[in-house]
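Residue-level structural notes
Listed below are the residues making up each chain.
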Amino acid sequence: MDKVTLERIQKLHPLVRDEVKQIIQECDEALTGRAKIRITQGLRSFEEQEKLYAIGRITSGKKVTNAKAGQSIHNYGLAVDICLMIDGKTASWDTVKDWDNDKVADWYECVKIFARHGWDWGGNWKTFKDLPHFEKKNIPSKKGSVKTSWRMLLKMPRDKQGYVIF
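Residues numbered from 1 in each chain as written. Predicted model: local features only at pLDDT ≥ 70, side-chain atom pairs only at ≥ 80, totals over all residues. Heavy atoms only, no water.

1. Notes on the overall build of the protein chain
The line we're drawing: We count a stretch as a helix when DSSP gives it H or I for four or more residues in a row; a strand needs E for two or more, and each element gets its number in order from the N terminus. With the radius of gyration taken over C-alpha atoms, the globule rule is written as 2.2 Å times the number of residues to the power 0.38. Categorising residues by exposure relies on relative accessible area from a 1.4 Å probe, with only protein chains included: less than 20% of the type maximum marks a residue as buried, more than 50% marks it as exposed, and the intermediate range marks it as partly exposed. Only the protein chains shown count as cover for residues, and all accessible areas are computed by the Shrake-Rupley method using a 1.4 Å probe. Only four residue types enter the tally: Lys and Arg on the positive side, Asp and Glu on the negative side, with His and both chain ends excluded. In this description, the location of a charge corresponds to atom NZ of lysine, CZ of arginine, CG of aspartate or CD of glutamate.
Of the regular secondary structure elements, the protein chain holds five helices and seven strands. The helix and strand sequence of the protein chain, counted from the amino end, reads α-α-β-α-β-β-α-β-β-β-β-α. Scaling as 2.2 N^0.38, a compact globule of 166 residues should have a C-alpha radius of gyration of about 15 Å, and the protein chain matches this with 16 Å. Viewed in the frame of its principal axes, the protein chain has a C-alpha envelope of about 45 × 45 × 30 Å. Put simply, the protein chain has 166 residues, and 42% of those count as buried. Just so you have it, the protein chain exposes about 9,400 Å², and 53% of that area is on carbon and sulfur atoms. For the protein chain, the distance from the average site of its 30 positive side-chain charges to the average site of its 22 negative ones is 7 Å.

What follows is the structure, encoded as C-alpha cells:
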C-alpha cells in the first residue's frame, strides 16, 4: 500500500478505515502483476464538492458529478475512488487490462473484493456510471447495520472532527 493511499485512508470516517486498509491489502495481494491500487479520492469537503459540481456547468469541461455539496458519500468519508498504479509510476483507469495474466481484468478483481466487503460500486449505477467509485452504505453501529443515504447523513450529528456519529 503506497503512502498516498495510506494518507487518504486516514482521512476517511473512522468506522471504515480498517476495512478499507483490508480491502486494499486484499486487492494488492490478488494483483500479482505490475498493478497495485491507489486511492485517488476519499474524504472530500463540501467546498471541493461544489468545485467538482461546477465543472461542465459553471466552468468549462465535461461534467464529473451530479452531486452537489452534501450529496456525495465522499463528503462523509464513506467513499473512495481508485486507480491502478502500474509499476508504482503510472496511473491507469483501464478496466479491461489483465496486468497479472490470470485471465481476469485487474479492475474487476478489485470490484469483487470491494463487493465482498459490502461496498457499492459506481460501475453498477444505472445512469452516470462512475467506474473508479466505491461507497459504503451499510454502516455497522452499536444498534446493528445502518443503511445510509446522503439525505440521512446530512442531518446526522457530528463529532469534534466533523465525522457523522452513528
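2. Describing the environment of alanine 91
Going by this rule: Contacts are assigned to residue pairs with any non-hydrogen atoms lying within 4.5 Å of each other.
Mapped onto the fold, alanine 91 is located in strand β3 (residues 90-92). Setting aside anything within four residues of it in sequence, one finds alanine 91 in contact with Cys83, Leu84 and Met85.

3. Details of the packing of aromatic side chains
Note the threshold: A pair of Phe, Tyr and Trp rings is counted when the ring centres sit within 6.5 Å of each other, with Trp represented by its six-membered ring. The angle between the planes then sorts it: under 30 degrees is stacked, over 60 is edge-to-face, the rest tilted. Counted as over-ring charges are cases with an Arg CZ or a Lys NZ within 6 Å of the ring centre that also lie within 35 degrees of the ring normal.
Using the criterion set out here, one finds five aromatic pairs in the structure. Relative to tryptophan 119, the ring of phenylalanine 114 has its centre 6.0 Å away and its plane inclined at 75°; by these criteria the two rings are edge-to-face. An angle of 15° between the planes, with centres 3.9 Å apart, marks the rings of phenylalanine 114 and phenylalanine 134 as stacked. Within this pair, whereas phenylalanine 114 is found in helix α4 (residues 106-116), its partner phenylalanine 134 is found in strand β5 (residues 133-136), the two being separated by 20 residues in sequence. Judged by its relative accessible area of 0%, phenylalanine 114 is buried. In textbook terms, an aromatic cluster arises when at least three aromatic residues are bridged by ring pairs, as seen for Tyr108, Phe114, Trp119, Trp121 and Phe134. The residue whose ring lies beneath arginine 57 is tyrosine 53, and the NZ or CZ to ring-centre distance is 3.8 Å. The ring of tryptophan 99 carries lysine 97 above its face, with NZ or CZ at 4.9 Å from the centroid.

4. A few points about the confidence of the model for the protein chain
Atom-level detail of predicted coordinates should not be read off regions where pLDDT is low. Quick reminder of the rule: Confidence scores labelled pLDDT are given residue by residue by the predictor and lie between 0 and 100.
Of the residues in the protein chain, 100% have a pLDDT of 70 or more, and the chain-wide mean is 95. The weakest mean pLDDT in the protein chain belongs to strand β6 (residues 138-141) at 84; the strongest belongs to strand β2 (residues 79-86) at 98.

5. A closer look at unusual backbone geometry
A positive phi angle, close to 55°, is found at asparagine 101, a residue other than glycine. Using a relative accessible area of 62% as the deciding quantity, one classes asparagine 101 as exposed. Phi at phenylalanine 128 takes a positive value of approximately 50°, unusual for a residue other than glycine. Here phenylalanine 128 shows up in the loop between β4 (119-121) and β5. On the basis of relative accessible area, phenylalanine 128 is assigned to the partly exposed category, the value being 33%.

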